[in-house]
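Examination of the molecular architecture
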Amino acid sequence: MSIANKYRITEQQYLQGELQSQIKHEFVQGEVFAMVGASSAHNWISGNIFAEIRTHLKGKPCRPYMNDMKVRIAENFYYPDVLVDCSDIANDAYFVETPILIVEVMSASTKTYDKTFKLQQYKNIPTLQEYVMVEQNTQLVEVVSRLDGWQPHYYELGDSFMLQSVGLKMSVAEVYDGIKM
């Protein structure tokens, strides 16, 4: 993640700028950070997870979002790879504040940030039940849940895991379907 601006801007300036920007930015403590483009594997993994969740939630009140929906935590804004929100969101909304599930696909450059800073930020969302961190370069899924005190649980190829927040059982093979390792 690289810094787009070294000066502080207001939340309103950030939100207005995002509507006009060709690239996405996260907004943390008044600073804007440009989002780096994702690899093919990153997109494919995110798509696999989104597709499974979308199919499972069809006809239910919760909605999955992928890549372009921001999550607001206090005055900060992040772009998770996949999220699920069950509130009644307006069709013209550009961010959510009440996700129940957040998924991040981690690259070598974002892994530490996703597992430390973002985990701490996401835990501040009262509605969040689970945070899933998916390795991009190896078949490993880590699930942390509010229900068990945010203790990590790891799943490898051949394993299945339960997303309690949405009632969906997924296999690691489904997550990495179509990815050559």
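Since the structure is predicted, the reported quantities are computational estimates derived from the model, not experimental observations.

Attention now goes to the pattern of salt bridges. With the rule as written, the count across this model stands at eight salt bridges. When the shortest N-O distance is used, the salt bridge between Glu135 and Lys111 registers 2.9 Å. Note that Glu135 is positioned in strand E10 (residues 130-135) and Lys111 in helix H3 (residues 111-122), a separation of 24 residues in sequence. By sharing partners, the salt bridges in this structure join Glu26, Glu104, Asp114 and Lys118 into a single network.

Turning our eyes to something else, we now look at the pairing of strand E7 (residues 82-85). Residues Val82 and Val84 line one face of E7 and the alternating positions Leu83 and Asp85 line the opposite face, and both faces are buried. In the sheet, strand E4 (residues 63-66) pairs with E7 via four bridges, with the strands oriented antiparallel. Its bridge partner being in E7, Tyr65 is matched across the sheet by Leu83. Here E7 pairs with strand E9 (residues 99-106) via four bridges, running antiparallel. In the sheet register, Val82 faces E9, and the bridge partner there is Val103.

With mixed pairing, six strands are arranged side by side in an open sheet as E4-E7-E9-E10-E11-E12. Each of the sheet's edge strands pairs with one partner strand only, and the pair in question is E4 and strand E12 (152-156). Along the sheet, successive strands turn relative to each other by an average axial angle of 15 degrees, direction set aside. With five bridges joining them, E10 and strand E11 (residues 140-145) adopt antiparallel strand pairing. Of the residues in E11, the one forming a bridge with Tyr131 is Val144. Sitting on the sheet, helix H2 (residues 40-57) touches E4, E7, E9 and E10, and the angle it makes with E4 is about 170 degrees. Against the sheet, H3 contacts E9, E10 and E11, and its axis sits at roughly 165 degrees relative to E9.

Although it is not a glycine, Gln29 adopts a positive phi angle of roughly 50 degrees. Its location among the elements puts Gln29 in the loop between strand E2 (25-28) and strand E3 (31-34). Accessibility expressed as a relative area gives 54% for Gln29, which makes it exposed. Positive phi, close to 65 degrees, is recorded for Trp150, a residue that is not glycine. Positionally, Trp150 belongs in the loop between E11 and E12.

As for its position among the elements, Ala173 is in helix H4 (residues 172-175). Overall, Ala173 belongs to the partly exposed group, its relative accessible area being 42%. Along the chain, Ala173 and Glu156 lie 17 residues apart, while their C-alpha atoms are 8.6 Å from each other.

With that settled, consider the side chain of Glu18. Structurally, the position occupied by Glu18 is in helix H1 (residues 11-20). A polar contact of 2.6 Å, which involves the side chain of Glu18, links it to the side chain of Tyr79. Setting aside residues up to four positions removed in sequence, Glu18 forms contacts with Ile23, Lys24, His25, Lys70 and Tyr79.

Scoring rules and cut-offs
- Position numbers for residues start from 1 in each chain and track the written sequence from start to end.
- pLDDT decides what is reported in this predicted model: residues at 70 or higher carry local features, side-chain atom pairs at 80 or more are listed and counted, and totals for whole chains, interfaces and linings draw on all residues regardless.
- Calculated side-chain values reflect all of the structure's heavy atoms, with hydrogen atoms and water omitted.
- Salt bridges are identified by distance alone: a Lys or Arg side-chain nitrogen within 4 Å of an Asp or Glu carboxyl oxygen.
- Secondary structure elements are defined from DSSP: runs of H or I of at least 4 residues count as helices, runs of E of at least 2 residues count as strands, and each element is numbered from the N terminus.
- Relative accessibility under 20% of the residue-type maximum defines a buried residue, over 50% an exposed one, and the middle range a partly exposed one, all with a 1.4 Å probe and only protein chains included.
- If DSSP finds at least two bridges between two strands, the strands pair.
- Throughout, an axis means a line fitted to C-alpha atoms (over the contacting stretch in the case of helices), and angles, computed between N-to-C directions, take values from 0 to 180 degrees.
- Between two residues, a contact is recorded if the distance between any of their heavy atoms is within 4.5 Å.
- Each polar contact in these results corresponds to two N or O atoms within 3.5 Å; when the atoms are within protein, one needs to be able to donate a hydrogen and the other to accept it, and residues that are neighboring in sequence are counted only if both atoms are side-chain atoms.

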